[in-house]
Amino acid sequence: MAHLSLKNVGKTYGGSNQAAVAGVDIEIADGEFIVLVGPSGCGKSTLLRMVAGLETVTDGEIRIGDRVVNQLDPAERDIAMVFQNYALYPHMSVRDNMAYGLKNRKTPKAEIEARVAEAARMLELGPYLDRKPRALSGGQRQRVAMGRAIVRQPAAFLFDEPLSNLDAKLRVTMRMEIRRLQKRLGTTSLYVTHDQLEAMTLADRLVVLNGGRVEQIGAPLEVYRKPASTFVAAFIGSPAMSLLDARFENGQVMVDGHALAPVGNAPGPVTLGLRAEDLRITSTGVPMRVDYVEELGAHRIVHGAIGDQPVAVVDNGGAALAETVHVLVDPAKLHLFETSTGRRMDTRIQAEAVPAQ
Amino acid sequence: MQKIKPLDHLILILGVLFLFVPVLMTLMSSTHGAVEIHSGGLYITPGSDGAATYAKVLTHRGGFTGDVTGLLMLTNSLIMGLGFAIGKIALSMMAAYALVYFRFRFATLLFWMIFATLLLPLEVRIMPSYQVMSTLGLLNTYTGLIVPLLASATGTFFFRQFFKSVPDELLEAARIDGAGPIKFFIDVLVPLSKTMMAAIFIIMFIYGWNQYLWPLLMTTDESFYTLMRGIKSILQVWVGSQIPDYNEAFALAVLAMVPPVAVVVIFQRMFIKGLTESDK
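The structure presented is a predicted model; accordingly, all values stated were derived computationally and were not measured. (Residues numbered from 1 in each chain as written. Chains lettered and ligands numbered in written order. Predicted model: local features only at pLDDT ≥ 70, side-chain atom pairs only at ≥ 80, totals over all residues. Heavy atoms only, no water.)

Asker: What is the right way to look at the side chain of B:Ser152 in this model?
Answerer: Residues and elements named next belong to chain B. Its place among the elements puts Ser152 in the loop between α7 (142–146) and α8 (153–165). Using a relative accessible area of 8% as the deciding quantity, one classes Ser152 as buried. Polar contacts involving the side chain of Ser152 include one to the main-chain amide nitrogen of Gly155, which spans 2.9 Å. (Helix = DSSP H or I, 4+ residues; strand = E, 2+ residues; numbered from the N terminus. Buried < 20%, exposed > 50% of the residue type's maximum accessible area, 1.4 Å probe, protein only. Polar contact = N/O pair within 3.5 Å; in protein donor to acceptor, adjacent residues only side chain to side chain.)

Here is the structure:
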């Protein structure tokens with residue numbers, strides 16, 4: 001158990017002058033579950049591998065507990081890692097797979113046995129201890145990989161997209177299992193995924209990465225409700241937040257010549273972000289052309305366009321929709337971003353939106 | 001089920017006969033006396049002298065010094081074959097391990113240099129190799145017989161390709177599990193390479209077993225004679241009116257076939273098992 005701290009961490013590969021990861025500052029408290037999320041190539045895996053010691057750190061400082069670990073071997077860092085393809089030793093039984101790391105650390109035999117038995121019990125792997133990994137299903141292999149991490153009782157767990165190779169249903173089950181285990185063991189965890197749903201459901205705090213830089217750090221709901229940039233807004237949430245070009249006129253935010261909501265004034269163009277569930281289909285409001293409807297059972301998602309800008313709306317009604325519908329939004333739930341930088345324009349909107357209500 | 005096609009079977013049966021009949025003739029002829037063979041040619045039916053011939057071949061003290069037995073030659077050949085196979089596997093695995101897992105300058109260049117030696121057969125370097133061994137005083141030793149031929153481009157190449165196919169995560173998992181380079185090699189790579197080792201063992205054992213030219217040069221002492229040389233020396237007594245001991249030559253040839261066949265049978269099972277069961 002330990003806290004983890006990344007100070008201005010960066011990575012530049014030899015031969016390239018562009019940093020794969022740059023200026024990452026994260027303080028992770030003891031027992032916290034942090035999810036690194038971002039599209040492929042955003043540097044999240046590189047960052048994790050730097051913490052693991054599998055990649056050299058070219059900039060900044062990584063601490064696990066009170067030790068700076070930049071120069072330490074992976075084995076000396078007191079971490080355990082779960083890989084996407086499990087990386088189980090194919091020629092060893094489940095038991096040996098879990099025990100291998102402990103054996104290398106000269107742990108007494110009796111203790112190894114006790115820890116393996118405990119992990120097997122927690123993960124319900126008891127009947128499979130003497131099997132080889134190839135005789136196990138994907139979910140079971142995943143559990144063995146977790147068992148291998150658990151028996152080590154490390155300061156931190158590192159997960160590198162551990163659920164990506166599983167089918168959708170198993171992914172949901174394993175997600176819950178990982179979260180439950182982590183809560184129970186209270187081990188600091190760093191988890192990498194490109195799946196925003198996995199990120200939202202697992203994390204105590206999310207770290208959204210883009211192009212090797214941190215876009216936003218925060219609790220899942222905080223990130224969801226107040227995305228710091230258009231990138232985060234579009235990445236977190238499903239369906240993705242609709243981003244529209246807009247401008248202000250007379251205290252109203254205008255989209256395609258229609259006043260959408262009174263929020264105050266600001267010069268120049270802005271990017272307006274609308275969550276699908278914050279939009280309502282009404283008889284008045286801004287006209288939206290309906291392109292197609294996704295029926296999800298509990299609700300449906302209406303995809304369409306205001307002017308020529310695509311918008312998605314969650315609708316609970318079951319009635320057939322006209323070719324053009326009207327949509328309204330609660331002014332408090334608008335997201336506004338500077339068009340030039342993509343940054344959130346938070347304070348001004350909050351200050352001016354409230355009196356308008 | 002596919003329909004049985006008589007023509008296909010005919011071709012297969014002919015192929016089997018073509019390969020098997022000479023072996024059978026060797027075996028059968030070896031059970032006849034030398035005179036019978038000399039006058040009657042090869043036999044396809046068993047004769048009556050089998051037991052005596054094989055016993056003589058294995059235990060009869062022959063050669064100039066009069067203490068070379070078939071058994072000794074068999075032992076020598078086994079030492080050659082096993083030494084070759086095991087030595088080559090060990091050496092080429094380590095070479096491949098270095099080439100794949102360690103970053104050092106000119107690794108690729110080195111690999112291609114090793115690979116290029118495939119173009120140079122033993123015969124090309126036989127004079128310098130002989131001289132080196134002679135200077136080191138290793139003529140007439142097992143070391144001299146085996147060591148100069150141990151470096152194997154084929155083996156190194158096979159193992160390199162195999163190691164490259166081992167997922168990197170396995171190495172990373174081992175590093176996190178606290179396994180150093182040597183531990184990783186012994187605990188992970190060697191067990192994973194079992195099937196590769198079986199395959200290379202087959203090839204290299206037979207290569208070593210069948211060596212003729214190199215032992216011929218390296219050994220003058222008869223106690224180092226291998227079976228391959230033994231067969232030759234029996235047929236060499238072609239002097240005067242003496243009839244060569246065809247039956248003994250055939251018996252030795254049969255004996256010379258047994259170990260390679262055994263190796264293939266034993267290791268092939270492992271080899272095929274490795275091919276069909278995905279280990280990774």
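Asker: What's the story with the packing of aromatic side chains in this structure? I'm lost.
Answerer: Aromatic ring pairs: the centre-centre distance and the angle between the two ring planes describe each pair. Residues and elements named next belong to chain B. As enumerated under the stated definition, the model contains 24 aromatic pairs over all chains in all. A ring pair is formed by Tyr97 and Phe185, whose centres lie 4.6 Å apart and whose planes are at 35 degrees; its orientation type is tilted. Here Tyr97 is found in helix α4 (residues 70–101), whereas its partner Phe185 is found in helix α10 (residues 181–192), with 88 residues between them in sequence. Relative accessible area serves as the criterion here: at 12%, Phe185 is assigned to the buried category. (Phe/Tyr/Trp six-rings, centres within 6.5 Å; stacked < 30°, edge-to-face > 60°.)

Asker: Is there a simple way to think about the sheet that holds strand β20 (residues 335–338) of chain A in this case?
Answerer: Paired through backbone hydrogen bonds, the strands of a sheet run either parallel or antiparallel to each other. All names here are of chain A. Within the open sheet, the 5 strands sit side by side as β13-β12-β11-β14-β20. Their pairing is antiparallel. Strand pairing shows two members of the sheet lacking a second neighbour, β13 (258–262) and β20, which therefore form its edges. Taking the axes of each pair of neighbouring strands and ignoring which way they run, one obtains an average angle of 40 degrees across the sheet. Relative to β20, strand β14 (residues 269–274) runs antiparallel, the two sharing 4 bridges. The residue bridging Leu272 from the neighbouring strand is Leu336, located in β20. (Pairing = 2+ DSSP bridges. Axes fitted to C-alpha atoms, helices over the stretch in contact; angles between N-to-C directions.)

Asker: Which parts of the structure should I look at to understand the pairing of β14(A)?
Answerer: Working note: regular strand, side chains alternate between the two faces of the sheet. All names here are of chain A. The element β14 is largely enclosed, with a buried count of 5 among its 6 residues. In the sheet, strand β11 (residues 242–249) pairs with β14 via 6 bridges, with the strands oriented antiparallel. Note on β14: the bridge partner recorded for Leu244 is Leu272.

Asker: Sorry, what's going on with the domain arrangement of chain A here?
Answerer: Interfaces are often sized by the accessible area lost when the parts come together. Residue and element names in this part refer to chain A. Along its sequence, chain A is carved into domain 1 (4–233) and domain 2 (239–356). The partner domain 2 presents 11 residues to the 9 residues of domain 1 that form the contact. Both sides of the domain 1 and domain 2 interface together cover about 930 Å² of buried area, and 48% of this is carbon and sulfur. Considering only the side of domain 1, the residues that lose the most area to domain 2 are Tyr224, Thr230 and Ala233, jointly responsible for 52% of the buried surface there. Here domain 1 is connected to domain 2 by 1 salt bridge. The salt bridge involving Arg343 is made with Glu215; its shortest N-O contact spans 3.4 Å. Applying the counting rule to domain 1 against domain 2 returns 6 residue pairs in polar contact (both at pLDDT 80 or more). Put simply, the parts of the chain that give the side of domain 1 that touches domain 2 at least two residues each are α7 (220–225) and α8 (230–235). (Domains from an automatic or database assignment. Contact = heavy atoms within 4.5 Å. Buried area = accessible area lost by both parts, 1.4 Å probe. Salt bridge = Lys/Arg side-chain N within 4 Å of Asp/Glu carboxyl O.)

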